[in-house]
Amino acid sequence: MSFRLARLLSVTLIGACLATSAFAAKTTHTKSHAKAAAAKGPSLIWRGDVATAQGVVDEVAQAWEKAGHGTIELQPFNTASGIDAVATGTADLAGSARPSDGSSQNTDLVFTPVAWDALVMVTNPANPVHSLTLKQLHDIYFGKITNWSDVGGSNAPIDLYAVASPGDGVEYSLRTLLFGRGNQPVAAPRLYVNTHKLEEGVGLNPNGLGVATMADAASNPKLKMIPINGIAPTASTVGNGSYVLFTPLYLVTNPRNPKAADVTAFIDFLSTDAAKAAMRRHGVVPFSDGSALAAVDVSRRSAILAETGGHASHIAPVTVPSSTPAASEASRVAVASAVAGTLVAGKGKEVAAASDKSQITGVKGSVAAVAVTSFAHVKGSVLASKKSKAEKHAAKTADEAAPAKSSAKKESVAQAKSTKSAGETGKTYTVAKGDTLFSIARKHSVEVAQLRDWNHLKDNNVKLGQTLRVGSR
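In short, a report on the structure.

So, how was this worked out
Residues numbered from 1 in each chain as written. Predicted model: local features only at pLDDT ≥ 70, side-chain atom pairs only at ≥ 80, totals over all residues. Heavy atoms only, no water. Helix = DSSP H or I, 4+ residues; strand = E, 2+ residues; numbered from the N terminus. Buried < 20%, exposed > 50% of the residue type's maximum accessible area, 1.4 Å probe, protein only. Contact = heavy atoms within 4.5 Å. Areas by Shrake-Rupley, 256 points an atom, 1.4 Å probe, with all protein chains shown as cover. Core = buried A, V, L, I, M, F, W, Y, C linked by side-chain atoms within 4.5 Å. Polar contact = N/O pair within 3.5 Å; in protein donor to acceptor, adjacent residues only side chain to side chain. Phe/Tyr/Trp six-rings, centres within 6.5 Å; stacked < 30°, edge-to-face > 60°. Salt bridge = Lys/Arg side-chain N within 4 Å of Asp/Glu carboxyl O. Axes fitted to C-alpha atoms, helices over the stretch in contact; angles between N-to-C directions. Parallel < 35°, antiparallel > 145°, perpendicular 65-115°, else oblique. Left-handed = near helix turned anticlockwise from the far one by under 90°. Nonpolar A, V, L, I, M, F, W, Y, C, P; charged D, E, K, R; others polar. Pairing = 2+ DSSP bridges. Right-handed = clockwise from strand over helix to strand, strands pointing away.

## Re the overall build of the protein
The helix and strand inventory of the protein stands at 19 helices and 12 strands. Among the 473 residues that make up the protein, the fraction classed as buried is 51%. In the protein, the share of contacts with a sequence separation of at least 24, taken over all contacts with a separation of at least 6, comes to 76%. With an accessible surface of roughly 21,100 Å², the protein has 56% of that area assigned to carbon and sulfur atoms.

Written as structure tokens, this is what we have:
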């Protein structure tokens, strides 16, 4: 057994013991009510990530029990353990901060979105960094940015922490947003068994950085949540979509479970006013209240990938209950505008501030049900000691752009040509200084994917002076 493997196993075992101790009181409290409530209803076992436990299940389970429906025994640990327990029948429900990953095990289970939370970057309160852009966050995880001074902080190494399980919901969802696939390798040498242990490590280290959920981290005074593209994570900015790293929280069930009817009843209970009020008290948005977020989820993820340079061969919508009506066009447009505003802010332009007036509250409805499929594998890996292909490509692009950038005459000619082309034909556009594929797509009211298809682009990179088709023929 290698030293690294032995060390990881030791950390996992120690973390498991600590996690078990941390939640012993909660579990004991739940069990103490089980006998008293047995005559009133069934006892269900829930296991999964601590984010879903904190934001959704904990207080809702108490409301479920108080209403006389039965008991929920909580076993918080991590996403992988919960999904495995539901698949094998040792638990009735699992909590997950990610959708199905397309594996055979996941395909046999049902992932029901029940709430919206935020993926938040947490650091020690002593860390002076006040904001990160999506691109900076991508490059930190990719191993291209390794010092806090490169993002406005102290001259100190960035100690990036992650959860060891590759299927952890929080890690998987963040990597999907930044890279286009949840199993993207990242430059995180410090690994923990779950987000609670990660948060403890970050809280002790002024140079630490990791991802958690807003519901789990917001009340922790030992953590500082870093704004993304100038927008801080709050219930308001998640609800109106201006904080772009919003994410669904799921309950995972097994249709072959003998208690399937009771499980369904609990999921239905999450739509009641009592359950929604409990979720809001923990800073999460009930899924139906944020249906406009579901309506713009695909375009939001496409825009993030355009900014970070990530790739995804296919982006599927969030799977939603088919019985829920569609989000209103006004709500969808409002959320889409907020998402676009904060993405623009990440490029150094004026921040589109999310005011209280722009907050969407109590919005009902969702898009039609569409099955979630897995993300296809894409090329790329993290090599801390060597330049990645992305780095080499970026350097090459910079070298090619330098001569044109130094010539004001060429730049003005390119811009004039761009204006004439776009204005007269509406079919082509010449890339000007500061343009990105996302900004060009928005300017011409088309999708980034359409621009890539029309111009046979393999990625989201464009060059100064490059002529692009911006409309169908």
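## Considering the nonpolar core
Of all hydrophobic cores here, the largest spans 88 residues; its most connected members are Tyr 141 and Leu 245. Broken down by element, the residue count for this core peaks at 9 residues, all from strand E4 (residues 110-123). Counting residues in hydrophobic clusters, the runner-up holds 15 residues, among them Tyr 429, Leu 437, Val 462 and Leu 468.

## What to know about the environment of Arg 300
Residue placement: Arg 300 occurs in helix H14 (residues 297-308). Among the residues examined, Arg 300 registers a relative accessible area of 2% and is labelled buried. Polar side-chain contacts of Arg 300 include one of 2.5 Å to the backbone oxygen of Val 244.

## As for the packing of aromatic side chains
This structure, assessed with the given rule, holds 7 aromatic pairs. Judged by centre distance (5.4 Å) and plane angle (75°), the rings of Trp 64 and Phe 269 are edge-to-face. Of this pair, Trp 64 sits in helix H3 (residues 50-66) while Phe 269 sits in helix H11 (residues 260-269), and the two are 205 residues apart along the sequence. Here Trp 64 matches Phe 269 in class, with each residue buried. Between Phe 111 and Tyr 250 the ring centres are 6.3 Å apart and the planes differ by 75°, which places this aromatic pair in the edge-to-face class. Taken as a pair, Phe 111 in strand E4 and Tyr 250 in strand E9 (residues 246-253) lie far apart in primary sequence, 139 residues in all.

## Quick notes on the pattern of salt bridges
Inspection of every chain in the model, using the stated rule, returns 9 salt bridges. The shortest N-O distance in the salt bridge between Arg 175 and Glu 171 comes to 3.1 Å. Taken together, the residues Arg 175 and Glu 171, both in helix H7 (residues 169-179) and 4 residues apart, mark about one turn of the helix. Each member of the pair, Arg 175 as well as Glu 171, carries the same accessibility label: buried. Here Lys 276 and Asp 289 are joined by a salt bridge, their closest N and O atoms 4.0 Å apart. On the criterion of sequence distance, the pair formed by Lys 276 in helix H12 (residues 273-281) and Asp 289 in the loop between strand E10 (285-286) and helix H13 (291-295) is long-range, its members being 13 residues apart. Looking at Asp 289, the relative accessible area reads 9%, which means it is buried. Each of Lys 276, Arg 280 and Asp 289 takes part in one network of salt bridges that share partners.

## Some words on helix H6 (residues 134-142)
By the criterion of burial, H6 is predominantly enclosed, with 7 of the 9 residues buried. For H6, every residue scored as buried is listed here: Leu 134, Leu 137, His 138, Asp 139, Ile 140, Tyr 141 and Phe 142.

## Describing the packing of H6 against H14
Following both chains from N to C, one finds H6 and H14 inclined at 70°, their axes separated by 8 Å at the closest point. Viewed along their axes, H6 and H14 adopt a mutual orientation that is roughly perpendicular. As H6 packs across H14, the resulting crossing turns out to be right-handed. Contacts from Leu 134, Lys 135 and His 138 in H6 reach Ile 304, Glu 307 and Thr 308 in H14. A class-by-class count of the residues in the contact of H6 with H14 yields 2 nonpolar, 2 polar and 2 charged.

## Regarding unusual backbone geometry
The backbone phi angle of Asn 229 is positive, close to 55°, even though this residue is not glycine. Asn 229 gets classed as buried once you look at its relative accessible area, which sits at 2%. Positive phi, normally seen in glycine, also occurs at His 456, with a value near 55°. Among the secondary structure elements, His 456 is positioned in the loop between helix H19 (448-454) and strand E12 (467-469).

## Let's talk about the pairing of strand E2 (residues 71-77)
Within E2, 6 of the 7 residues are buried, leaving the element largely enclosed by the surrounding structure. With 7 bridges connecting them, strand E1 (residues 43-49) and E2 associate as parallel partners. For Asp 49, the partnering residue across the bridge sits in E2 and is Phe 77. In this fold, the crossover linking E1 to E2 by way of H3 has right-handed handedness.

## Here's the deal with the side chain of Asn 124
By secondary structure assignment, the location of Asn 124 is in the loop between E4 and H6. Separated by 2.8 Å, the side chain of Asn 124 and the backbone oxygen of Gly 203 make a polar contact. Beyond its immediate sequence surroundings of up to four residues, Asn 124 is in contact with Val 202, Gly 203, Leu 204, Asn 205, Pro 206, Gly 208, Lys 222 and Lys 224.

## A few points about the pairing of strand E3 (residues 93-96)
The alternating pattern of E3 places Leu 93 and Gly 95 and Ala 94 and Ser 96 on opposite faces, both of which are buried. As defined by bridge partners, E1 adjoins E3 across 3 bridges and the pair is classed as parallel. Pairing of Trp 46 across the sheet is with Leu 93, part of E3. Pairing of E3 with E9 involves 3 bridges; the strand directions are antiparallel. Looking across to E9, one finds that Ser 96 is bridged to Tyr 250.

## Notes on H7
Summarising burial for H7: 11 of the 11 residues are buried, a large majority. Buried residues of H7: Gly 169, Val 170, Glu 171, Tyr 172, Ser 173, Leu 174, Arg 175, Thr 176, Leu 177, Leu 178 and Phe 179, and no others. Taking the backbone nitrogen of Val 170 as reference, a side-chain oxygen 3.2 Å away marks Asp 168 as the first, capping residue of H7. Phi turns positive one or two residues past the end of H7, at Gly 180, with a value near 95°.

## Digging into the packing of H6 against H7
It is the contact of H6 with H7, at a shortest axis distance of 10 Å, that shows an interaxial angle of 115°. Along this stretch, H6 crosses H7, giving a crossing that reads as left-handed. Judged by residue contacts, Leu 134, Leu 137, His 138, Tyr 141 and Phe 142 of H6 engage Glu 171, Leu 174, Leu 178 and Phe 179 from H7. Within the contact of H6 with H7, the residues separate by chemical class into 7 nonpolar, 1 polar and 1 charged.

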